[in-house]
Amino acid sequence: MGGDIISLMLSDRIASDNVLDAAYSWLCEKRSHYHFNGDVWQVRRWWHEKKPLLQQQLRDGSFQFRELRLIRGEERQIEWWSSLDALVLKAMSIVLTEHLKPILSERCFHLAGSGGMKAAVREVAANLEENQFVFRTDVKGYYASINHHILMEIVGLYVQDEAVLALLWGYLRHYVSDGGKFIDITQGISLGCPLSPLMGALFLKPLDDRLAPRLGGAGGGLGCFYARFMDDWVILAPTRWKLRKAIKAVNEVMAELRVEKSGKVWESLPAPPLRTVRDCFQSHGSSLISSF
């Protein structure tokens, strides 16, 4: 009963002064380098008027995300959110991170407060000596391959606030403007968005849940080691049989989530050197930090 009450209060918490002010400060810092014609300066100039209107829209469910702009660079392209939309997404991230943190696995190291890549590498290093068999992989095109309906089914297990669910659907099912052509996004989540790391962590929660009892640690299971950084994960096992059992569980979850493992798969004996294990996490380390 208490969990339901907390969930019903999520939209009010997103619209609260403390959360919106924190999101506003984040926006000002992240976009302080923007061109003087950028919309962030309009938000900053009229924030005292925009804030109460935004709070009303968030509380009555009338807030709508605008279309995104596709910005192409030499090496990558990003979907750019308007400043007010980015502020709302940050506010959602603040509230939902606090709400969902108790149910997210401690083996997921990319979320704030989990120790990050350094903590993941330290734990892998501490367990290498006792586990000679290694399996490492990631999800092929992870952000782009996330199924919206599967993600929202997972979200719905822990969030019952209809206003927040509507906001999440707006975040997922958005339009992208590409030179006058509008693209309807029906799969995948946005890069460079403050909410996406949390949604990315939640989408692979079934993997964490399946491997936790199977791998065990203290109290049973297969007695293997497991660590995940977004969609990169490493399993260390003392025997080939135990590693095979863990890989079977991974394949079952991937099928349920309708995603594929990438071609970068390690299955080795003996265990790889620490530098190589560190590199496998670093492949995603810099791109997971929201900068927009």
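Look up: the structure comes first, before these words.
Below you will find a few notes about this structure. Note that the structure is a prediction, hence the values are computed from the model and not measured. (Residues numbered from 1 in each chain as written. Predicted model: local features only at pLDDT ≥ 70, side-chain atom pairs only at ≥ 80, totals over all residues. Heavy atoms only, no water.)

Re the layout of surface pockets
Leftover empty space is mapped by rolling, across the atoms, a probe with the size of a water molecule. Our working rule: Grid spacing is 1 Å over the protein atoms alone, the probe is 1.4 Å, and a cavity is where that probe fits but cannot get out, while a pocket is an open set with protein on both sides within 12 Å along at least five of seven lines and lining residues have an atom within 4 Å of a point. Grid points are joined across faces, edges and corners, and a volume is the space filled by probe spheres set on the points. A run of DSSP states H or I qualifies as a helix once it reaches four residues; a run of E qualifies as a strand once it reaches two. Both are numbered from the N-terminal end. Gly is placed with the polar residues, together with every amino acid not listed as nonpolar (Ala, Val, Leu, Ile, Met, Phe, Trp, Tyr, Cys and Pro) or charged (Asp, Glu, Lys and Arg).
Counted as a void, the second largest pocket has a volume near 220 Å³. Along the wall of the second largest pocket there are 13 residues; nearest its centre are E79, A144, I189, S190 and L191. Elements with a minimum of two residues in the lining of the second largest pocket: β2 (77–80) and α8 (142–145). Looking at the lining of the second largest pocket element by element, the count peaks at 3 residues for β2. The class makeup of the residues in the lining of the second largest pocket is 7 nonpolar, 5 polar and 1 charged.

Description of the packing of aromatic side chains
What counts here: Between rings of Phe, Tyr and Trp, where Trp is taken as its six-membered ring, a pair exists when centres lie within 6.5 Å; planes separated by under 30 degrees are stacked, by over 60 edge-to-face, and by other angles tilted. Any residue under 20% of the maximum accessible area for its type is buried, any over 50% is exposed, and the rest in between are partly exposed; the area is computed with a 1.4 Å probe on protein chains only.
Throughout the structure, instances matching the rule amount to 6 aromatic pairs. Relative to F203, the ring of Y142 lies with its centre 6.3 Å away and its plane at 50°, an arrangement referred to as tilted. Of the two residues, Y142 sits in helix α8 while F203 sits in helix α11 (residues 196–203), which places them 61 residues apart along the sequence. Overall, Y142 belongs to the buried group, its relative accessible area being 4%.

Description of the sheet that holds strand β1 (residues 68–72)
To be explicit about the condition: Strand pairing follows a simple DSSP-based rule, namely that at least 2 bridges must link the two strands. Interaxial angle, 0 to 180 degrees, is taken between N-to-C directions of lines fitted to C-alpha atoms, where a helix line uses only the stretch in contact.
Read from one edge to the other, the open sheet built from 4 strands follows the order β2-β1-β4-β5, with strand pairing classed as mixed. If you trace the sheet from one side to the other, it starts and ends with β2 and β5 (181–184), each paired once. Across the sheet, the mean angle separating the axes of adjacent strands is 30° when strand polarity is ignored. Note: β1 against strand β4 (residues 175–178), 2 bridges, orientation parallel. Bridging from a neighbouring strand, R69 pairs with S177 of β4.

What about the nonpolar core?
What counts here: Working definition of a nonpolar core: buried Ala, Val, Leu, Ile, Met, Phe, Trp, Tyr and Cys residues. They are joined through side-chain atoms within 4.5 Å. Contacts are residue-level and defined by heavy atoms, with any inter-residue pair within 4.5 Å sufficient.
If you look at the biggest cluster of nonpolar residues, it comprises 80 residues, and the most contacted ones within it are Y171, L195, M199, W233 and I235. The greatest single-element share of this core, amounting to 9 residues, is contributed by helix α6 (residues 83–100). In contact with Y171, not counting residues within four places along its chain, are F65, W81, L89, I189, S190, C193, L195, S196 and M199. Counting residues in each nonpolar core, the second largest holds 13 residues, with F109, A120, F225 and A227 among its members.

Looking at the pairing of β4
Here β4 runs beside β5; their pairing, made up of 4 bridges, is antiparallel. Its bridge partner lying in β5, S177 is registered against F182.

Examining the pattern of salt bridges
Convention followed: Salt bridge criterion: a side-chain nitrogen from Lys or Arg within 4 Å of a carboxyl oxygen from Asp or Glu.
Here the structure, examined in full by the defined rule, presents 11 salt bridges. For D208, the salt bridge goes to R228, with nearest N and O atoms at 2.7 Å. One end of the pair, D208, is in helix α12 (residues 205–215); the other, R228, is in strand β6 (residues 225–229), and 20 residues separate them in sequence. Accessibility assignment for this pair places D208 and R228 in one class, buried. A network of salt bridges, in which partner residues are shared, links D17, D21 and K51.

Describing the packing of helix α3 (residues 17–30) against helix α5 (residues 47–60)
Let me state the cut-off plainly: When an angle is under 35 degrees it counts as roughly parallel; over 145 it counts as roughly antiparallel; between 65 and 115 it counts as roughly perpendicular; any other value is oblique. Rotating anticlockwise by less than a right angle from the far helix to the near helix defines a left-handed crossing, while the corresponding clockwise rotation defines a right-handed one.
Where α3 contacts α5, the two axes come as close as 11 Å, and the packing angle between them is 125°. One finds that α3 runs oblique with respect to α5. The way α3 lies across α5 gives a crossing that is right-handed. Between α3, through D17, L20, D21 and Y24, and α5, the contact on the second element is made entirely by W47, K51, L54, Q55 and L58. Residue composition of the contact of α3 with α5, by class: 5 nonpolar, 1 polar and 3 charged.

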